[in-house]
Amino acid sequence: MRNLNQDNITQAVIASFGDTRDPRLKEIMISLVQHLHAFAREVKLTEAEWFAGIEFLTRCGHITDERRQEFILLSDVLGLSMLTVAMNQDKPHGCTEATVFGPFHVKNAPHYELGADISNGAKGTPCLVRGRVLDTRGQPVAGAHLDVWQSDEDGLYDVQHEGLTQAQARGTLNADAQGRYHFRSIVAVPYAIPHDGPVGALLEATGRHPWRPAHLHFKIDAPGYQSLITHVFRDQSDYLDSDAVFGVRQSLVCDWVPQPDGSYLLEYDFVLNPASAQ
Ligand code: BEZ
Ligand code: FE
């Protein structure tokens, strides 16, 4: 394997994976190299452009820590996260659609009783959220576990507030025996994804904005059902048609209804996919 040139280097790299023990890893690496080389050929990548790409990825690495994941953000704005969700979450008709997980979920969020106020002091207009967790035959999923998180009125998640130690506008609850859930929180607003790093620079350079439409995140789990990771979006929010991470599904857009006392009511039923169904 000497004197490789632009006509035979791709084949040589592919052959180098010949002894890969894990067949799936072998398939992925061969395909990755084929597509990477085809991309470089198609755009006639210069050495300066290759180096700019390396510097960009280096900046993504440097800004990433336990509170900031720039590579997920990059995957999100390139539509790769949503493509992966769409390919892997092709559920039977009637099931609630999935969307991107995002970087702001926190494991072991506080657990609340039904009816509790999960905002826990977060700034925003009060909102009652309620609905049911059902199966595909319309039967309740008793005791389903709901994990909820959202930004505050300033468009920031609790983890983005420097020095804030308590959870705000996030928590877990269990639906009752009839699959019903209800809790108090605040009205979600559109917010900009973190854009003070290399991904923000990429958005700027390509004339794109960093905004997401108003939404509430849910992760719903119950024994015998596929885990559901989704949002409920606010009807009439800005950016529903230009979500920076391509996550909007019309079936997840819902009216958040103003109440006479100035608060809001959001009602949404979730339908889970049985674990055996694909
Ligand atoms: C979110 O909705 O929390 C989110 C999703 C993708 C990128 C940034 C934020
Ligand atoms: Fe979000």
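Look a little higher up for the structure.
Please read these numbers as outputs of a predicted model, since none were measured by experiment.

Which residues make up the overall build of the chain, and what values do they have?
Broken down by element type, the chain carries 6 helices and 12 strands. For the C-alpha atoms alone, the extent of the chain along its principal axes is close to 75 × 40 × 35 Å. Out of the 278 residues in the chain, the part that is buried amounts to 41%. Taking as baseline every contact in the chain between residues at least 6 positions apart, the subset at least 24 positions apart corresponds to 72%. Here the chain has roughly 15,700 Å² of accessible surface; of this, 53% comes from carbon and sulfur atoms. Considering the chain, the positive charge centre built from 23 side chains and the negative charge centre built from 35 side chains are found 5 Å apart.

Talk me through the pairing of strand 1 (residues 126–134); I want residue IDs and the actual numbers.
Within a regular strand, the side chains alternate between the two sheet faces. In the sheet, strand 1 pairs with strand 4 (residues 180–186) via 7 bridges, with the strands oriented antiparallel. The residue bridging Arg-130 from the neighbouring strand is His-182, located in strand 4. Strand direction decides the pairing type here: strand 1 and strand 11 (residues 264–267), joined by 4 bridges, are parallel. The partner of Cys-127 across the bridge, within strand 11, is Tyr-264.

Which residues make up the site of ligand 1, and what are the values?
The immediate surroundings of ligand 1 are formed by Leu-73, Asp-76, Gly-102, Pro-103, Phe-104, Tyr-157, Tyr-191, Ile-193, Arg-212, His-215, His-217 and Val-245. The contact in question runs from an oxygen atom of ligand 1 to an N or O atom on the side chain of Tyr-157, over 3.4 Å. Between Tyr-191 and ligand 1, the recorded distance is 2.6 Å, taken from a side-chain N or O atom to an oxygen atom. Computed on the free molecule, ligand 1 has an accessible area of 260 Å², of which 100% lies beneath the protein chains in the complex. Going through the elements one at a time, helix 4 (70–77) and strand 7 (215–221) are the ones with two or more residues in the shell around ligand 1. For the shell around ligand 1, the residue count by class is 7 nonpolar, 3 polar and 2 charged.

Can you break down the coordination of the iron ion (ligand 2) residue by residue, with the values?
Summarising the metal site, the iron ion (ligand 2) is bound by the protein donors Tyr-157 (OH), Tyr-191 (OH), His-215 (NE2) and His-217 (NE2), whose distances to it range over 1.9 to 2.1 Å. Coordination at the iron ion (ligand 2) is irregular, judged from the 6 donor atoms that bind it and the angles of 55 to 164 degrees they form at the metal.

Describe helix 5 (residues 80–88), naming the residues involved and giving the relevant values.
Of all the residues in helix 5, the buried ones are Ser-81, Met-82 and Val-85. Along the axis of helix 5, the buried residues cluster in a sector spanning 90 degrees; they form a single face. Buried positions along helix 5 lie against helix 4.

Explain the side chain of Ser-263 residue by residue, including any values.
By the element assignment, Ser-263 lies in the loop between strand 10 (256–258) and strand 11. The exposure class assigned to Ser-263 is buried, which follows from its relative accessible area of 16%. At 2.7 Å, the side chain of Ser-263 forms a polar contact with the side chain of Asp-261.

Run through the environment of Leu-36, naming residues and quoting values.
As for its position among the elements, Leu-36 is in helix 2 (residues 23–42). What makes Leu-36 partly exposed here is its relative accessible area of 46%. Along the chain, Leu-36 and Thr-10 lie 26 residues apart, while their C-alpha atoms are 9.5 Å from each other.

Now, about the pattern of salt bridges: what can you tell me, with residues and values included?
Following the criterion strictly, the structure yields 12 salt bridges and no others. The salt bridge partner of Arg-68 is Asp-196, with a shortest N-O separation of 2.8 Å. Residue Arg-68 is found in the loop between helix 3 (47–63) and helix 4, and its partner Asp-196 is found in the loop between strand 5 (191–192) and helix 6 (198–205); the two are separated by 128 residues along the sequence. On the basis of relative accessibility, which here comes to 16%, the residue Arg-68 falls in the buried class. With a closest N to O distance of 2.7 Å, Arg-212 and Asp-243 form a salt bridge. Residue Arg-212 is found in strand 6 (residues 211–212), and its partner Asp-243 is found in the loop between strand 8 (228–234) and strand 9 (253–254); the two are separated by 31 residues along the sequence. Taken as a pair, Arg-212 and Asp-243 share a single burial class, namely buried.

What counts as what
- Residues numbered from 1 in each chain as written.
- Chains lettered and ligands numbered in written order.
- Predicted model: local features only at pLDDT ≥ 70, side-chain atom pairs only at ≥ 80, totals over all residues.
- Heavy atoms only, no water.
- Helix = DSSP H or I, 4+ residues; strand = E, 2+ residues; numbered from the N terminus.
- Buried < 20%, exposed > 50% of the residue type's maximum accessible area, 1.4 Å probe, protein only.
- Contact = heavy atoms within 4.5 Å.
- Areas by Shrake-Rupley, 256 points an atom, 1.4 Å probe, with all protein chains shown as cover.
- Lys, Arg positive; Asp, Glu negative; His and termini not counted.
- Charge placed at Lys NZ, Arg CZ, Asp CG, Glu CD.
- Pairing = 2+ DSSP bridges.
- Near = heavy atom within 4 Å.
- Polar contact = N/O pair within 3.5 Å; in protein donor to acceptor, adjacent residues only side chain to side chain.
- Nonpolar A, V, L, I, M, F, W, Y, C, P; charged D, E, K, R; others polar.
- Donors = N, O, S within 2.8 Å, 3.2 Å for Na, K, Ca; no water.
- Tetrahedral: all angles 85-135°; square planar, octahedral: opposite > 155°, others 65-115°.
- Arc of directions from axis to C-beta.
- Salt bridge = Lys/Arg side-chain N within 4 Å of Asp/Glu carboxyl O.

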